[in-house]
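Structural description and commentary
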Amino acid sequence: MTSGLWELVLRGVWVTIQLLVFSALLGAVFAFVVGIARTHRLRSVRFLAGFYTEVFRGTSALVMIFWVYFVLPPAFGWQLVPMWAGTLALGLTYGAYGSEIVRGALNAVDPAQREGGIALGFTPWQRLRLILLPQAVPEMIPSFSNLLIELLKGTALVSVMGMGDLAFSGNLVRLALQESAEIYTYILLIYFVIAFLLTRVMRGLEKQLKRQLAGQPTGGAA
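Sequence order as written defines residue numbering, which begins from 1 separately in each chain. Selection of residues for local features in this predicted model requires a pLDDT of at least 70, selection of side-chain atom pairs for listing and counting requires 80 or more, and totals for whole chains, interfaces and linings are taken over all residues. Each side-chain value is worked out from all heavy atoms of the structure, with water and hydrogens disregarded.

**Side note on the environment of Leu-92**
Working definition: helices are DSSP H or I runs of at least four residues, strands are E runs of at least two. Numbering for both runs from the N terminus. By secondary structure assignment, the location of Leu-92 is in helix α4 (residues 82-108). Between the alpha carbons of Leu-92 and Phe-56 there is a distance of 6.9 Å; along the sequence they are 36 residues apart. The contact criterion used throughout is that any non-hydrogen atoms of two residues lie within 4.5 Å. Ignoring anything within four residues of it in the chain, the contact list for Leu-92 reads Phe-30, Tyr-52 and Phe-56.

**Looking at the packing of helix α3 (residues 61-76) against α4**
To define axes, lines are fitted to C-alpha atoms, for helices over the stretch in contact only, and angles between the resulting N-to-C directions are given on a 0 to 180 degree scale. Remark: α3 packs on α4, axes separated minimally by 9 Å, with the N-to-C direction vectors making an angle of 135°. Put simply, α3 runs oblique to α4. Taken as a pair, α3 and α4 cross one another with a handedness that is right-handed. Within the contact between the two elements, α3 uses Ala-61, Met-64, Ile-65, Val-68, Tyr-69 and Leu-72 and α4 uses Pro-82, Ala-85, Leu-88, Ala-89, Leu-90 and Thr-93. Angle categories are assigned with fixed cut-offs, so that under 35 degrees is roughly parallel, over 145 is roughly antiparallel, 65 to 115 is roughly perpendicular, and the rest are oblique. For any pair of crossing helices, the crossing counts as left-handed if the nearer helix is rotated counterclockwise from the farther one by less than a right angle, and right-handed if it is rotated clockwise.

**So, the pattern of salt bridges**
We define a salt bridge as a side-chain nitrogen of Lys or Arg found within 4 Å of a carboxyl oxygen belonging to Asp or Glu. Counted according to the given criterion, the structure contains five salt bridges. Between Arg-38 and Glu-100 there is a salt bridge; the shortest N-O distance is 2.2 Å. Of this pair, Arg-38 sits in the loop between α1 (3-37) and α2 (43-57) while Glu-100 sits in helix α4, and the two are 62 residues apart along the sequence. We note a salt bridge from Arg-103 to Glu-100, for which the minimum N-O separation is 3.1 Å.

**Some words on helix α8 (residues 180-213)**
In this scheme, a helix's expected span is set at 1.5 Å multiplied by one less than its residue total. End to end, α8 covers 49 Å across 34 residues, agreeing with the expected 50 Å (1.5 Å per residue, within 8%). Within α8, the full set of buried residues consists of Ile-183, Ile-187, Ile-190, Tyr-191, Ile-194, Ala-195, Leu-198, Met-202, Glu-206 and Arg-211. Summarising the contacts, the buried residues of α8 are in contact with α1, α6 (124-154) and α7 (166-177). Between buried and exposed lies partly exposed: a residue is buried under 20% and exposed over 50% of the maximum accessible area for its type, with that area taken using a 1.4 Å probe on protein chains only.

**Details of the layout of surface pockets**
Quantified by volume, the largest pocket comes out at close to 370 Å³. Taken together, 13 residues make up the lining of the largest pocket; nearest its centre are Thr-39, His-40, Arg-41, Pro-124 and Arg-127. Where the lining of the largest pocket is concerned, the elements lending two or more residues are α1, α5 (111-119) and α6. Top contributing element to the lining of the largest pocket by residue count: α6, with five residues. In this count, Pro and Cys sit with the nonpolar residues alongside Ala, Val, Leu, Ile, Met, Phe, Trp and Tyr, while Asp, Glu, Lys and Arg are called charged and the others, Gly among them, polar. When the residues that make up the lining of the largest pocket are grouped by side-chain class, the tally is eight nonpolar, two polar and three charged. Roughly 310 Å³ of internal volume is contained in the second largest pocket. For cavity detection a 1 Å grid was placed over the protein atoms alone, and a set of points counts as a cavity when a 1.4 Å probe fits there but cannot get out; an open set counts as a pocket when protein lies on both sides within 12 Å along at least five of seven lines, with lining residues being those that have an atom within 4 Å of a point. The wall of the second largest pocket is formed by 17 residues, among which Ala-24, Ala-28, Phe-144, Leu-148 and Met-202 lie closest to the centre. Grid points are joined across faces, edges and corners, and a volume is the space filled by probe spheres set on the points.

Printed below as a string of structure tokens:
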């Protein structure tokens, strides 16, 4: 490939990484807010959180991108660029899956820990912040790592909006060169490298959090 075509691919990689970061951050916010809400003592709060989860887990991410990009803006008089439409659709969708990870990890904490917090006079927020989350978060990391990889692969869906992500840029290069095997092989390898790096980062984070939870020093080899 010429340098110009490689530049197009690299721009696509950068767009994909930006979309991944933005939608992962938004999805994490939804995951924790909704996941915590699903453990709330009020049934109405649990119902609303469960409704969100079921709706976004039960709909296609591709159709959600179409809906957010083509239906939502005209209905509210908004104007969304593809990056923010993709971020919103992916964040809402994968946040729903993440909320189940948060809910499961919180419920897996030993009930005696909750009872200890109550005995110490902690408020519900203090029990959550000081007792439940420090123990639950390290257990969430492996599942969140898998979900992050799925989100990376899901970013390719935004190419249907004409957004210049890695998948869209790779297809433009393929059309320019009329060569499918070589180009798609390169694209697969790039996705693999990004996913591999994400996995290593998440594993390192998991080990560090578990060391902190156990009261061990954080230095040394990961």
